[in-house]
Amino acid sequence: MTDRPGFTADHVLRDMSPARRVGHVLAGLGGLATAVLVGALWATEPEPLPARTQVAFAAVIVVGLAWAGVAGWALGRRPLFAADRVVAAGLALCASTLVTLGTVAIALTQGSGTELVAAVGVGAALVGAAGVALARARAHRRALLALRRDLEAARRPDPGPAPDEPRRS
């Protein structure tokens, strides 16, 4: 038996739980399926779609492909140290901001004051929730990296006194 662990700090902290893996697989497949289905719907339209519908379809396709890309990156990269959470929360913040801007723009041009208030309210809730998720993900990542530093520092052997330094009794 030794005093040192058999695993490095990277090995202990880098692995992803099975539930997290399943979540990334589902997010990736969901994003890819959404992008493919909306792309197929767009491609098979007999008449050209209005410009704002084309913009909306393109945005949905981009967000779906982004989720698929994030999931593939997270499943294939090691060690993560919760970087996947930071990237996913950042993507959620970008997507919710994009949706909020789109719905507010539509409400401004097409709707009444009630629709505008609803769009701003729901959008603010979405952006706020995504912002909180991003802040929590960054804090979790910082905590994991600090734990890794502590584990690595504990694993290093004590160098003892310097050669030119007298020993203390």
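Predicted model, so just to flag it, every value in this text is computed and none were measured.

Caption draft 1: Quick look at the nonpolar core. With five residues, the main nonpolar core is built from Ala-35, Val-38, Leu-49, Phe-57 and Ile-61. Within the residue set of this core, elements represented by two or more residues are α2 (18–43) and α3 (51–76). With residues near it in sequence (within four places) discarded, Phe-57 still touches Val-38, Leu-41, Trp-42 and Leu-49.

Caption draft 2: Expanded view of the confidence of the model for the chain. Averaged over all residues, the pLDDT of the chain is 86; the fraction at 70 or higher stands at 82%. Looking across the chain, the model is least confident in helix α1 (residues 9–14), with a mean pLDDT of 53, and most confident in α2, with 93.

Caption draft 3: Region of interest: the packing of helix α4 (residues 83–110) against helix α5 (residues 113–155). Where α4 contacts α5, the axes come no closer than 8 Å and their chain directions differ by 170 degrees. As far as their axial angle goes, α5 and α4 are roughly antiparallel. Residues that form the contact of α4 with α5 fall into these classes: 17 nonpolar, eight polar and four charged.

Conventions and cut-offs
Residues numbered from 1 in each chain as written. Predicted model: local features only at pLDDT ≥ 70, side-chain atom pairs only at ≥ 80, totals over all residues. Heavy atoms only, no water. Core = buried A, V, L, I, M, F, W, Y, C linked by side-chain atoms within 4.5 Å. Buried < 20%, exposed > 50% of the residue type's maximum accessible area, 1.4 Å probe, protein only. Helix = DSSP H or I, 4+ residues; strand = E, 2+ residues; numbered from the N terminus. Contact = heavy atoms within 4.5 Å. pLDDT = per-residue confidence, 0-100. Axes fitted to C-alpha atoms, helices over the stretch in contact; angles between N-to-C directions. Parallel < 35°, antiparallel > 145°, perpendicular 65-115°, else oblique. Nonpolar A, V, L, I, M, F, W, Y, C, P; charged D, E, K, R; others polar.

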